Amino acid sequence: MGMTNKQFQGFIRLALAQIDRALEETPDNKELQKLRTIFQLMLEEGD
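One structure accompanies this document, and this report is about it. (Residues numbered from 1 in each chain as written. Predicted model: local features only at pLDDT ≥ 70, side-chain atom pairs only at ≥ 80, totals over all residues. Heavy atoms only, no water.)

### Topic: the overall build of the chain
Scanning the chain from N- to C-terminus turns up 2 helices and 0 strands. Based on the C-alpha atoms only, the size of the chain along its principal axes is roughly 35 × 15 × 15 Å. Here the chain holds 47 residues, and 19% of them are scored as buried. Within the structure as shown, the chain displays about 3800 Å² of accessible surface, and the carbon and sulfur contribution to it stands at 58%. The centroid of the 6 positive side-chain charges in the chain is displaced by 3 Å from the centroid of its 8 negative side-chain charges. (Helix = DSSP H or I, 4+ residues; strand = E, 2+ residues; numbered from the N terminus. Buried < 20%, exposed > 50% of the residue type's maximum accessible area, 1.4 Å probe, protein only. Areas by Shrake-Rupley, 256 points an atom, 1.4 Å probe, with all protein chains shown as cover. Lys, Arg positive; Asp, Glu negative; His and termini not counted. Charge placed at Lys NZ, Arg CZ, Asp CG, Glu CD.)

### Some thoughts on the pattern of salt bridges
Counted according to the given criterion, the structure contains 2 salt bridges. For R36, the salt bridge identified is with D20, shortest N-O distance 2.5 Å. One end of the pair, R36, is in helix α2 (residues 30–46); the other, D20, is in helix α1 (residues 5–25), with 16 residues separating them in the sequence. Among the residues examined, D20 registers a relative accessible area of 28% and is labelled partly exposed. (Salt bridge = Lys/Arg side-chain N within 4 Å of Asp/Glu carboxyl O.)

### With respect to the nonpolar core
Of all hydrophobic cores here, the largest spans 8 residues; its members are I12, A15, L16, I19, L23, L32, F39 and L43. Residue assignment for this core shows that the elements contributing at least two residues are α1 and α2. Looking at which element gives the most residues to this core, the answer is α1, with 5 residues. (Core = buried A, V, L, I, M, F, W, Y, C linked by side-chain atoms within 4.5 Å.)

### Re α1
Spanning 21 residues, α1 covers 31 Å between terminal C-alpha atoms, matching the ideal 30 Å at 1.5 Å per step. Of all the residues in α1, the buried ones are Q9, I12, A15, L16, I19 and L23. Down the axis of α1, the smallest arc covering the buried residues is 125°, so these residues share one side. Projecting away from the buried face of α1 at angles above 90 degrees are the exposed residues K6, L14, E24 and E25. (Expected span 1.5 Å × (residues − 1). Arc of directions from axis to C-beta.)

Written out as structure tokens, the structure reads:
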């Protein structure tokens, strides 16, 4: 059973929100910044 595009985008948006919260606490975390970039690109490519 796969995810629809809408479900996938919802998952990515949820993950991005959590990453953004984590970056508020540790804005210098390079790995979180990279992860956020990857997730943002996934969201943009899905549109």
